[in-house]
Each structure stands twice: as structure tokens, then as C-alpha cells.
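Topology and contacts: notes
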Amino acid sequence: TALRFTNAPIKILESSPFINNTDNDKGNLYDGKNMALFEEEMDSNPMVSSLLNKLANYTNLTQGVKEHEEADDDEGPSPALGTLIGVYLPCLQNILGVILFLRLTWIVGTAGIMESLAIVVMTCSCTMLTAISMSAIATNGVVPAGGSYYMISRSLGPEFGGAVGLCFYLGTTFAGSMYILGTIEILLTYIVPSAAIFKAEKKEDEAEALLNNMRVYGTCCLTLMSLVVFVGVKYVNKLALVFLACVILSILAIYAGVIKTAFEPPDFPICLLGNRTLQNHNFDQCLKTMEVDNVTVTTKLWSLFCDSPDLNATCNEYFTLNNVTVIQGIPGLTSGVIRDNIWGDYGPNGMLVENKHQASEPAADTSQDIYMPYVANDITTFFTLLVGIYFPSVTGIMAGSNRSGDLRDAQKSIPIGTIMAIATTTFIYISSVILFGACIEGVVLRDKFGDSVKGNLVIGILAWPSPWVIVIGSFFSCCGAGLQSLTGAPRLLQAIARDGIVPFLQVFGHGKANGEPTWALLLTGGICEIGILIASLDAVAPILSMFFLMCYLFVNLACALQTLLRTPNWRPRFKFYHWALSFLGASLCLSLMFISSWYYALVAMLIAGCIYKYIEYRGAEKEWGDGINGLSLNAARYALIRLEEAPPHTKNWRPQMLLLLNLDSDHAVKHPRLLSFCTQLKAGKGLTIVGSVLEGTYMTKEAEVKKAEQNIKSSMTTERTKGFCHVVASSNLRDGFSHLIQTAGLGGMKHNTVLMAWPDHTKTVLTLISSGRLLVIWRAFTVRETTAAHQALLVAKNVDSFPTNADRLGQGTIDVWWVVHDGGLLMLLPFLLRQHKVWRKCKMRIFTVANMDDNSIQMKKDLQMFLYHLRLDAEVEVVEMHDSDISAFTYEKTLVMEQRSQMLKQMQLSRTEREREAQLIHDRNTASHAALNDKADAGPDRVHMTWTKDKFLTERNRNRAEASMGVRDIFNMKPNQSNVRRMHTAVKLNEVVVNKSQGAHLVLLNMPGPPKNRGGDENYMEFLEVLLEGLNRVLLVRGGGREVITIYS
């Protein structure tokens, strides 16, 4: 009948063979039937339209790594911060800070303009190069919240990521200490000096009193700030803009003050005694004496240097010899003072701050100078120290990347905002260095605490309209920066803890119900307190410089590594980077670390190294697609290509193992001691491939193969076997093991030795394994296969009685029976075993066999000399085997063996017959089924029958006739003379070995080769069984056909 098409809607029956309706919700995967061809893949491979829909908001996209799959439960509004608010201003606020206000003038005065410019250029170049590298990493895909730690860890791997992340955390924490110390220094030195708890009675005690005040007030300030952070971080973030405004206003006030000095320099007189600068605290007038009502009276200055206010008082010698002079502290931009400040003036602790251009009459006695009110160095100054103190003033470049989760377009904002912020701050620092040197007198610049200007902040006296603008601005700037550090550091620690790469930090991943890191805040406060107890801003600054430089070093390395490896995923949107710039940045970071403080640098590297090794040893294994893995792959490829060029020299030969394992019915390792023995033989060196075979096809056995691999890997971990695991599915065991022997390994990193356990049931040779083949057949085949592949073969008998890795064998022997020389492997193996602690106490004995016509005495001497040249310590014994007649026992044993082989062949024929009968029934069924389904199309070639009924009957009759003849012949047969001789050798050699080595911890014995006639494989295994009878631990060794040990150096 013809089909008629109408306009009516077509209904598809539920039983339609073209649609699988087993899943009720199948319709949810796609609409209509246009994509029915891809229907089976919809679960794992979503359609492009649904993928793009998810990509619209990346937080909903399944990430490439599992640890970022958990989204926040309470999703807030979408991120909306731009470049200016989100990156530029936060970076500006973090970069500009305490060092600019409290130390930059002192650095310019001590190092001079030229060296100060060198410091600024070096440090700013370092941060600029790091920012370029960071921009490349930040624009290479979505950077979730976590910023710099996330970038480094995902680029360099968990070990480097954890080490550098913790260094960055420590740097941020010590930065908090530095900002708090800066806050207290401003408070106690410039705002309320009277608030000091510890007051110095003598001038020499002032430094110690200041440190103690810093410790007390710093601890109180830290406690207060920690409480603020604990109570509400949102208040800290809201105040950030206020603190930033303070910084910007202060800098504008400085520039305004500099411009004003060109027209109207401020009046800040400096009092000099000779060429020495005086602390202008306790006197008003820079005079020794003055006229009051025509009477000469002494001033307050006089009483500081003399024992009484009388004119005839005994005064300090230098005071008597020199006059006092008043100079202006800020001569102004046009005064030409810049010439005096070009070069530095370094000196030791206690060195007086002097004006080299003033006349001075030196005193003979200078021992009292430390008690006089002179301005002096409080620390020993040198160029490298100033680099370490200054570097924290250029840190803070990560502020933008740390906010990556809040940015509207992080890939655009982070590079532009960060680089612009560094360019801006570099301009501010360079201009400040030049302007400070051009406006301020050198002795004032070198006066760290402003003692010569009545205790004012030196940078403050330059500012317009008032010094208080700078004092208040810098105070709030330091407060804000300290709060930001105490806010950021615990979150960084929490991110590291939640990654799970450092087990002992797991507790710090927890916090309050809203996610605030309470425990991490406590640890941060504790570490911060260490910095505060140091109490000196100049001592804390180099510490955090080290940690930040370490972090920047690895950012540059990460970028250089990714660029050179050319990994497919390295596609940054920021194009203005180059691996050479990254290497230059890394080199600069490393140089600055050792320039600043070589011992701090070594300590920081030691801390990072310890963390790295700890994570490597104890940390969780993470696969982040990092650059170190890529580097490992490239290095491995390079090494494999090099190894491929030529086989290893005899001196470099070591056993590279292919371990063939048997699995039980649950796919667990049947002989785990074989793994232990491999570990003891290898001692962690060289290649180990552990392989096994499952019968069947990979499509049907995929789950079982994976389960078997997991079980083997678990056993390898338990037995401490380092290597690779490979399980294959094959139609039969023989082919599977053949494939492993042929293909395991890669390039030059291939195995040269096969290790396997002795078959379990060769005594009951009549037992057929499930595949219908004899176990012994494919074992003998393995011997042939390894011989053909020129690989050594080790077969361990009674492997379950071998020692575990925890055992320690006492005094005993490893006996080597050297019957034939096949490369020296027999002598190398005991040496390798004795390197392991299990076998270390065992002694090595070598036995060799002499025939009747051999000179056994000379053989022993030659063997001892040979071992001496091989540098092996072993006892030597030559065993003589006399010719003797073949015993009736040997004859009978050979006959039984051959009868058994003949019976097996008959059984195999019967089995073949049964298979053919089953094939005939299958073919009949197939033919009838095809005929019923489609009678019209049945042709002569439709059904291919392997056996017709007539052919089957003829073949069965012929086989039965042969079988009946064979059974009669079994009881009339005589043993083969060649087999009788072999059995005789096996029996005699076994008697000798048992006699000499029955009590040995291990016996190593040459494995005889299989017979050339492959039909005698069952007999071959029987000979080996006789040879090993009565011995406990035996290792049969068959060389690979090359020398593996040499007497030459």
C-alpha cells in the first residue's frame, strides 16, 4: 500500500524505535528533534546555546577546577567597580604611605639625591616589571577573588603557590605592624609627646624609652584595630575613601609648600654649634649669652653645656671653642641648596649630624658628646639598609588584583589601573626626592625625628598651609593602611587554608557564620605583635620587604615560565609583556632581596623552602594545570628525546622494571610482597611500571580496568613503590602480557627487566584456567617474549614469604648460583638489594659449578679476582658436579611428565570438539532467525555457516579415532632422551643447591631458556619446578643479552 501524506499532525508512537523514552525528563535537554543525533551526549556535553547562556555570568559557569564550583549562597549585585575606583585609587592608597611621610626626607639627606634616585628607580622598576607580568597573568582568564595568591598558585602549582602565598601573607601581616608603628611614632613624636609613658631622664636613654613606648602603645593600637576588624569590615571599607583623601591632600600640601618656598620660604631657623646641629627643644634663642639691661646673662643653651648659669662656669670644650650660628631649615627652591644635597653622608650609630660648610674647631675630648643635645644618627646608615627601609613604600601594587571579584571588567581594569598607579607614584617619589633636596637644608633632611626644628615632622615644615596638614593626614593614612592590612591578611590566610594544600592551616579556614576569618585574624594579630615588639620601623621594614620581594619574584617567574612554555591556555589579553621583561623583573627582585639584607633574604628563602617541602610531602595533591607541571612535561620530553639517541652505557645500566601482577576476583593485588621486593630492589631509583591484564574487551571492562588501577595504586602507596600503573584489557592473558612487554614505557624510558611471580599451581598442571589455556603455557611464552625483546626476566618463587619493607633481616646470606654468564645481572642484583635497609645485614655468597675437566682451584681464584675488580664483597665457592648415571627416579619422573603432557593434548582436542559443536548450534539459530525476519532478501550469502552438519560429523569421527589411538599410546610410550637428560640436570643441580643454600634468606639462580620446540613448554615448566623443589625464597634470573656490570671506572 502506498503511504498518503496529509497536513494532519503526525503522532509518534511511544514504541517508536527511533526515540528512547526511558527518561521522563529527556525533553528538558533539547527542544524538538533537530539535535537527536547528539542526544546521548547531552548530559556531558551541553549545547552551545546553553553554554553561552551560562557564560553570560561567569560565576554560574562550571569552573575548570573543582575548588571554585561552590558559589556564594547570597549572590549580591553584579560587580560594578571601574578602573579608577576599583584599581587605581586602591593601589595609590596602598603604595603611598608611612615611608613617604616619615622616612623619605631622611633617606634623601642620608643617601643624597643621586643615590636616592637610584633607590627609587630600582624599586619602582621592580614593581613596574612585576605589574606587567601580573597584568599578563590576570588577563589570562577569569581571576576569582583571591588575587595574587590565586594567580601564583594556579600558575606555579600548589607547592610554590602555598609557599609564596604564605610569604605574601607574612609580608602583609608585617606591613600591618609597620603601619601601626608609624601611627604610634606620629602620635608620640609629633602630636602628643607628653603622652609617653616611659620618659628618659638622660639623653642616652631616649632611644630605649621611645621603643618601650612604641611597644605599649603599639600593642594597644593593634588590639583596638583587631576589634574594629572583628566587629565590622564594612566600616573599614567605607573609611578607605577618607584615608585616601588624607593621603592625596597631604601630597598636594607638600607640592603647594614647595612652590611657595620659591617666593616666600618659611621661617624655620636651625641652631648650629660650630658645624654641629643642635636639638631645639629646651631653648628658645640660639645664643650663648645675651644683653639684658646692659648686663650680659647666659641663655638656656648655656646651661645645657655648662655646669652652672654663671659666666665663669666650666663648659664643654667644644662649646667653648665654637660659636653658635643660625641658618634657615628651608632655604627654598631657588637657594641652590640642591648642590649640597647631591651626594650622601653615611655614618655609624651615634655619628653627629654636621654641616660640612660651617667652620668648626675640634675639641680634644669627645667622650661627652653623647650626653650633649646634638642631633645624631640613631642607627648605622649605609646604602643597602636604605633600600630595605624604602622598599615598602612601593609595595601595594596587588591591591587592584586582590579586588578582582568586584571589578566590572577585571581583564581591562587591572593592567591599566595598576600600571597607571605605579607610574603616578613613581613620578611622586622622583619629584619628591629632587624637590626635598632642592628645598631643605641637608642637616634637617638627616634629622630623622625633626629635633632641630622643635620636634616638627620634617616633611611637615615644608607643607602649606600648616605642618599639621601633613601630621594629621599621615596619621590617618597610617591608621587606614594598618586596618587594611589587618583586613586583607586574614582573608589571604583563609583562602590558603580553604585550598587544603597546607594541612596544619585547615583550622584557619573556618570563621564566623558570615564567613569572617576569626581564627585567621587571631593568628594575624599574634604575628603582628612580633613586629610591634621589635618596635623599630627601620627594623621591621626590611622584613616585610623580603616577603614582598619573594612574592614579586615568583609572579615574574610565573609569567616567564608560561610564556616560554607556550602552553595552549596562555592567551593573555594584555599583550605588552615579554619573557625577557619577566626575567629581568625576577632578577631585580632577587638582587634587591640580597642588597637589602642578605641574612633576611636567606631566612625568607629558607621559610619558603620549608613550606614548599612540607606541602610536597604532606599537602593535598592538586591539579591546577600550573606552569611547573608544564615545565616538567617539557623537561621530560627533552630528556626522553635525549635518551632515545643511544642506549645507556653499561655503567649507567640499572634495572628498569616492568612488574607483571596477578589480580584476584575482586581485582585486588594477589601478591603485594612482589611490590615490596621491587621497592627494595630499586630503592626509589629508575623506572617502575606495574602492569596487569584483564580478559575481555576494553569497552566491556572499562570500569573493572579503572578499579584494578585504583587497587594497584593503593597497594603501591602502601608498599612505597614509586612508579606508574597500567592495566590493559585483552581477549586473552597471553596477548595482553605480550602487549605490555612490547609497548610499556616511552622512548628511551622503557623497561629492560620484567619481574613476575612464579605461577601458583604448576604442580596441578591438569588444572585448566578459565580461558581454557594452561597457566604454564603463557608463563613459558613470557620467557620467550622477554628473550626476543632482549629484556631481562626475574621470576620470584614463594613471593608471599619475601620480607616486607618494615622487616629487617638479621645475619644471613644472599646466595647467587652462577651457572652460566648472561650479562652479570646475577651479581648486580644482590648489590642493589643490599643497598636497602631490609637486606643491609645480609652477606653475599657466590657459587659456581665446575665440571670434571675444570680446575676448581683456579676457577675460585679467577672468580675472586673478578669480584675484586667489580668492587663486590662476596664469599666464593666452587661446587663440583661429578658425572653420574641417570637414576631410575629421573627416568620415571620424565616418563610421568611426558604422559601428562600427552593427556593434556587429548583433553585439549576434546575441548576443541565441544567448541565446534556449539558453533554449529549457533550458526543454525542465526540462519533460522534471519530467515524469519526477512524471507524476501535471503540469498546464498545471507548466512555464513562455519560448520555444516556433514562436515561436523566427519571431523568428530576422525578426532575420536585419533583420541582412542592416543590414549592407548600413552601407556606404551618411552620418554624422550633429551628430556631425560634435562630432568637429570634439574635433579642433580637441585640436590646441590638445597644442600648448600637451604638456609639462605634468598637464592638467585640462572633461569634455563625454554626449549626451541614450542610444543614442550609444559615440560619446561616441570624442569624448573624440579630445579626449585625444597627451596623457600628463590629468584630466577634470565639476562637480557647485554653486559650490565663492568670492571672499568
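Residues numbered from 1 in each chain as written. Predicted model: local features only at pLDDT ≥ 70, side-chain atom pairs only at ≥ 80, totals over all residues. Heavy atoms only, no water.

Taking an unreviewed UniProt entry as the reference, the protein is identified by name as Solute carrier family 12 member 7b belonging to Oncorhynchus tshawytscha. Its UniProt record, at the heading Catalytic activity (unreviewed entry), says of the protein: "K(+)(in) + chloride(in) = K(+)(out) + chloride(out)". Quoted straight from UniProt, the Subcellular location (unreviewed entry) entry for the protein says "Cell membrane". (UniProt positions renumbered as here; feature names shortened; annotations may be inferred.)

1. Concerning the nonpolar core
Membership of the largest hydrophobic core comes to 158 residues, with the highest contact counts inside it found for M178, Y390, Y429, F436 and I440. Formed by 53 residues, the second largest nonpolar core is a distinct cluster that contains L663, L675, L755 and C842. (Core = buried A, V, L, I, M, F, W, Y, C linked by side-chain atoms within 4.5 Å. Buried < 20%, exposed > 50% of the residue type's maximum accessible area, 1.4 Å probe, protein only.)

2. A short note on the packing of aromatic side chains
The full count for this structure, using the stated rule, is 19 aromatic pairs. For the ring pair F168 and F548, a centre distance of 5.7 Å and an interplane angle of 75° mean the geometry is edge-to-face. Of this pair, F168 sits in helix 5 (residues 147–191) while F548 sits in helix 17 (residues 537–565), and the two are 380 residues apart along the sequence. For F168, a relative accessible area of 6% gives the class buried. Here the aromatic rings of W579 and F583 are separated by 5.9 Å at their centres, their planes lie at 85°, and the arrangement is edge-to-face. Note that W579 and F583 are positioned in helix 18 (residues 579–596) at a spacing of 4 residues, about one turn of the helix. According to the relative accessible area criterion, W579 is partly exposed, its value standing at 36%. Here the aromatic residues W302, F305, Y318, F319 and Y374 are joined through ring pairs into a cluster of three or more. Over the aromatic face of Y318 sits the side chain of R276, whose NZ or CZ is 3.7 Å from the ring centroid. The ring of W106 carries K448 above its face, with NZ or CZ at 4.2 Å from the centroid. (Phe/Tyr/Trp six-rings, centres within 6.5 Å; stacked < 30°, edge-to-face > 60°. Helix = DSSP H or I, 4+ residues; strand = E, 2+ residues; numbered from the N terminus. Lys NZ or Arg CZ within 6 Å of the ring centre and 35° of its normal.)

3. Overview of the packing of helix 21 (residues 672–682) against helix 25 (residues 825–833)
Where helix 21 meets helix 25, the closest approach of the two axes is 7 Å, and the angle between their N-to-C directions is 95°. Taken together, the axes of helix 21 and helix 25 are roughly perpendicular relative to one another. Residues F677, Q680 and L681 of helix 21 pack against L829, L832 and L833 of helix 25. Residue classes in the contact of helix 21 with helix 25 are distributed as 5 nonpolar, 1 polar and no charged. (Axes fitted to C-alpha atoms, helices over the stretch in contact; angles between N-to-C directions. Parallel < 35°, antiparallel > 145°, perpendicular 65-115°, else oblique. Contact = heavy atoms within 4.5 Å. Nonpolar A, V, L, I, M, F, W, Y, C, P; charged D, E, K, R; others polar.)

4. Some points on the sheet that holds strand 2 (residues 276–277)
In spatial order, the strands read 2-1-5; together these 3 strands make up an open sheet with antiparallel pairing. At either end of the open sheet lies a strand with only one pairing partner, and these are strand 2 and strand 5 (324–328). Taken together, the 5 bridges between strand 1 (residues 269–273) and strand 5 define a ladder with antiparallel strand orientation. Paired with C271 across the bridge in strand 5 is V326. (Pairing = 2+ DSSP bridges.)

5. Quick look at the sheet that holds strand 11 (residues 812–818)
Through backbone hydrogen bonds, the strands of a sheet pair up, either in parallel or in antiparallel fashion. Strand order in the open sheet formed by 10 strands is 8-7-6-9-10-15-14-11-12-13, and the pairing between neighbours is mixed. At either end of the open sheet lies a strand with only one pairing partner, and these are strand 8 (724–730) and strand 13 (875–880). Here the average twist between neighbouring strands, direction ignored, is 20°. Of the strand pairs in this sheet, strand 6 (residues 657–660) and strand 9 (residues 753–757) are connected by 4 bridges, and their pairing is parallel. Pairing of L659 across the sheet is with L755, part of strand 9.

6. Here's the deal with a positive patch on the surface
Residues R720, R808, K837 and R840 make up a contiguous surface patch of positive charge. Relative to the assigned elements, K837 resides in the loop between helix 25 and strand 12 (842–850). (Patch = residues over 30% accessible without salt bridge, like charges linked within 9 Å, V, L, I, M, F, W, Y side chains within 5 Å. Areas by Shrake-Rupley, 256 points an atom, 1.4 Å probe, with all protein chains shown as cover. Salt bridge = Lys/Arg side-chain N within 4 Å of Asp/Glu carboxyl O. Lys, Arg positive; Asp, Glu negative; His and termini not counted. Charge placed at Lys NZ, Arg CZ, Asp CG, Glu CD.)

7. What about the pairing of strand 15 (residues 1034–1038)?
With respect to burial, strand 15 is a largely interior element, 5 of its 5 residues being buried. Burial of the side chains of strand 15 extends over both faces: V1034, L1036 and R1038 are buried on one face and L1035 and V1037 on the other. The pairing of strand 10 (residues 792–797) with strand 15 spans 5 bridges and is antiparallel. Paired with L793 across the bridge in strand 15 is R1038.

8. With respect to unusual backbone geometry
Residues W464 and P465 are joined by a peptide bond in cis, for which omega reads 15°. Mapped onto the fold, P465 is located in the loop between helix 14 (458–462) and helix 15 (467–499). Residues other than glycine seldom take positive phi values, yet K454 does so here, at roughly 60°. With respect to the element layout, K454 can be found in the loop between helix 13 (442–445) and helix 14. Backbone geometry at H790 places phi at a positive 55°, although glycine is not the residue there. Inspection of the secondary structure puts H790 in the loop between helix 24 (775–788) and strand 10. Taking relative accessible area as the criterion, H790 reaches 61% and is therefore assigned exposed.

9. With respect to empty space enclosed by the protein
Inspection of every chain in the model, using the stated rule, returns 7 cavities of 30 Å³ or more. Put simply, the largest cavity is a space of about 70 Å³. Taken together, V229, F230, V233, L486, T487, P490, R491, K512, E516, P517, T518 and L521 make up the lining of the largest cavity. If you list the elements that add at least two residues to the lining of the largest cavity, you get helix 6 (206–231), helix 15 and helix 16 (518–534). It is helix 15 that contributes the most residues to the lining of the largest cavity, 4 residues altogether. For the lining of the largest cavity, the per-class residue count stands at 7 nonpolar, 2 polar and 3 charged. (1 Å grid on protein atoms, 1.4 Å probe; cavity = no way out; pocket = protein on both sides within 12 Å on 5 of 7 lines; lining within 4 Å. Points joined across faces, edges and corners; volume = space filled by probe spheres on them.)

10. Quick look at the packing of helix 4 (residues 104–138) against helix 12 (residues 410–439)
Contact pair helix 4 / helix 12: the axes reach a minimum separation of 9 Å and the direction vectors enclose 170°. For the element pair helix 4 / helix 12, the angle class is roughly antiparallel. The residue makeup of the contact of helix 4 with helix 12, split by class, is 21 nonpolar, 9 polar and no charged.

11. Things to note about a nonpolar patch on the surface
A cluster of nonpolar side chains, L590, F594, W598, Y599, L602 and M605, forms an exposed patch at the surface whose accessible area comes to about 600 Å². Mapped onto the nonpolar patch, the elements with two or more residues apiece are helix 18 and helix 19 (598–618). Considering every element that reaches the nonpolar patch, the biggest residue donor is helix 19, with 4 residues. Inspection of the secondary structure assignment puts L590 in helix 18.

12. As for the state of the cysteines
Scanning the model with the defined rule gives 2 disulfides in all. Here C271 pairs with C286 through a disulfide, and the sulfurs are 1.9 Å apart. Its S-S torsion of approximately 75° makes the covalent link between C271 and C286 right-handed. Residue C271 is found in strand 1, and its partner C286 is found in the loop between strand 2 and strand 3 (289–292); the two are separated by 15 residues along the sequence. Just as C271 is buried, C286 falls in that class too. Put simply, C306 and C315 are joined by a disulfide, and their sulfur atoms are 1.7 Å apart. Taking the sign of the S-S torsion, 105° for the link of C306 and C315, the bridge is right-handed. C306 gets classed as buried once you look at its relative accessible area, which sits at 9%. When the bonded cysteines of the protein are counted from the start of the sequence, the pairing works out to 1-2, 3-4. As a non-bridged cysteine, C126 has C589 as the owner of its nearest cysteine sulfur, 3.3 Å distant. (Disulfide = S-S within 2.5 Å.)

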